[in-house]
Amino acid sequence: PPRFEDTGGPTRKMPPSASAMDFFQLFVPDNVLKNMVVQTNMYAKKFQERFGSDGAWAEVTLPEMKAFLGYMISTSISHCESVLSIWSGGFYSNRSLALVMSQARFEKILKYFHVVAFRSSQTTHGLYKVQPFLDSLQNSFDSAFRPSQTQVLHEPLIDEDPVFIATCTERELRKRKKRKFSLWVRQCSSTGFIIQIYVHLKDGGGPDGLDALKNKPQLHGAVARSLCRNAAGKNYIIFTGPSITSLTLFEELEKQEIYCCGLLSSRKSDCTGLPLSMLTNPATPPARGQHRIKMKGNMSLICWYNKGHFRFLTNAYSPLQQGVIIRRKSGGIPCPLAVEAFAAHLSYICRYDDKYSKYFISHKPNKTWQQVFWFAVSIAVNNAYILYKMSDAYHVKRYSRAQFGERLVRELLGLEEASPAH
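Residues numbered from 1 in each chain as written. Predicted model: local features only at pLDDT ≥ 70, side-chain atom pairs only at ≥ 80, totals over all residues. Heavy atoms only, no water.

An unreviewed UniProt entry lists the protein chain under the name PiggyBac transposable element-derived protein 5, from Neovison vison.

All right, on to a positive patch on the surface then. A cluster of basic residues, Lys-355, Lys-358, Lys-389 and Arg-398, forms a positive patch at the surface. Its relative accessible area of 33% is what places Lys-355 among the partly exposed residues. (Patch = residues over 30% accessible without salt bridge, like charges linked within 9 Å, V, L, I, M, F, W, Y side chains within 5 Å. Areas by Shrake-Rupley, 256 points an atom, 1.4 Å probe, with all protein chains shown as cover. Salt bridge = Lys/Arg side-chain N within 4 Å of Asp/Glu carboxyl O. Lys, Arg positive; Asp, Glu negative; His and termini not counted. Charge placed at Lys NZ, Arg CZ, Asp CG, Glu CD. Buried < 20%, exposed > 50% of the residue type's maximum accessible area, 1.4 Å probe, protein only.)

Our next topic: the pattern of salt bridges. For the structure on display, the rule yields 7 salt bridges. The partner of Asp-392 in a salt bridge is Lys-13, with the nearest N and O atoms 2.8 Å apart. With Asp-392 in the loop between α13 (368–389) and α14 (393–396) and Lys-13 in the loop between β1 (9–10) and α1 (20–24), this residue pair connects regions lying 379 residues apart in the sequence. Under the relative-accessibility criterion, Asp-392 is labelled partly exposed at 32%. Residue classification places Lys-13 among the exposed residues on the basis of a relative accessible area of 69%. As a salt-bridge pair, Arg-105 and Glu-64 come within 2.8 Å of each other at their nearest N and O atoms. One end of the pair, Arg-105, is in helix α5 (residues 103–112); the other, Glu-64, is in helix α3 (residues 62–78), and 41 residues separate them in sequence. We note that Arg-105, like Glu-64, is buried. (Helix = DSSP H or I, 4+ residues; strand = E, 2+ residues; numbered from the N terminus.)

Glancing now at the environment of Ser-102. Positionally, Ser-102 belongs in the loop between α4 (95–98) and α5. Placed 15 residues apart in sequence, Ser-102 and Trp-87 show a C-alpha to C-alpha distance of 8.1 Å.

All right, on to the pairing of strand β10 (residues 309–314) then. Pairing geometry for strand β7 (residues 258–264) and β10, over 4 bridges, is antiparallel. Bridged to Gly-262 within β10 is Leu-313. Judged from the 6 bridges that link them, strand β9 (residues 299–305) and β10 form a sheet pairing that is antiparallel. Looking at the pairing, Trp-304 lines up with Phe-310 of β10. (Pairing = 2+ DSSP bridges.)

Turning to a nonpolar patch on the surface, a few remarks are in order. Residues Val-38, Met-42 and Phe-118 make up a contiguous nonpolar surface patch of roughly 240 Å² in combined accessible area. Relative to the assigned elements, Val-38 resides in helix α2 (residues 30–51).

What follows is about the packing of α3 against α5. Put simply, α3 and α5 touch, their axes get as near as 11 Å, and they point 95° apart. Considering their axes alone, α3 and α5 lie roughly perpendicular with respect to each other. The segment α3 lies against α5, with Glu-64, Phe-68, Tyr-71 and Met-72 engaging Arg-105, Phe-106, Ile-109 and Leu-110. Across the contact of α3 with α5, the residue classes tally to 6 nonpolar, no polar and 2 charged. (Axes fitted to C-alpha atoms, helices over the stretch in contact; angles between N-to-C directions. Parallel < 35°, antiparallel > 145°, perpendicular 65-115°, else oblique. Contact = heavy atoms within 4.5 Å. Nonpolar A, V, L, I, M, F, W, Y, C, P; charged D, E, K, R; others polar.)

Given below as structure tokens:
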């Protein structure tokens, strides 16, 4: 594999007394929240000028904005379908949280909540209402954490609430399924920290002209280029699924000193430029663990057999280096190192998805920009927890992901003292 000099990990040493709020505010600091306060008040004023005044509205304040976020984040821990159930007398009600703000006040803030109140004359982008927040989040991810050498590009699993899925009608489910965007990430495969987010709107014109690309591999190639924008020159190794893997993309990234290892599929991948002899299966299947290799420069195409043909394209590992896939029953199956590395990193990301996708905010607004906003906040909270686990504060109080979320909610609502570090 290419040499890697950089040491990955958090860039700032947080004090042992740091609270959940301190980690969250590495990504969503007060100046970002103050901007939400200003924009929400501006939007409310404009809305009332157009549609008549609202006597029950009073300008929102910073503590109220923090509480508003806290209520929303609480749905990621309790998994309740509606944030309003906090004030109900039902199973999900929470008396201590409900006392901080009345339900009527919460609903008013929800009605007027904005990150960008007005479209500027130059914007054509469908996500203009949330883009400044995504940009500031991206900058803070970059400055708070340095990833390890190996990373994965994928669409994270966003957990739908299993209770809702089990109880809803087919019509509700169909309505729910149609999300108007897809969310892609570049993720550090040794810690699970999400380094970069990319949101692709499925319809409507974007400045990147992606709506014109009906061709899936072309679209996924554009997504991959965008996610690797800040990765050049560092000898990173990027693992990709079949929809992204392509010879032209890998060669292009190699020029920027980004190396790749991807699974190929004749159905989903762009196979342009690859030898046909490697893409067709032989008449008699070889023994398990057998593989064939073709090379061109640094690029190797590996066809490995294990109860089926698996093809990998890589310029990050020598195809001559041996690895092994451990299977509980049958012991080890020999394979090239690239195959072993791919399997190990992807299984880590699957475990990450299983653990963290449960903690996405379950509030489901109708507006696309708001859906994107709450997904981004959920990712920020998960990233904050990963940094917390790597810090001295974790050795003082070992919070689980759920406990960390509960602490954060209580600190945002002002029910717990944040750390003396402030």
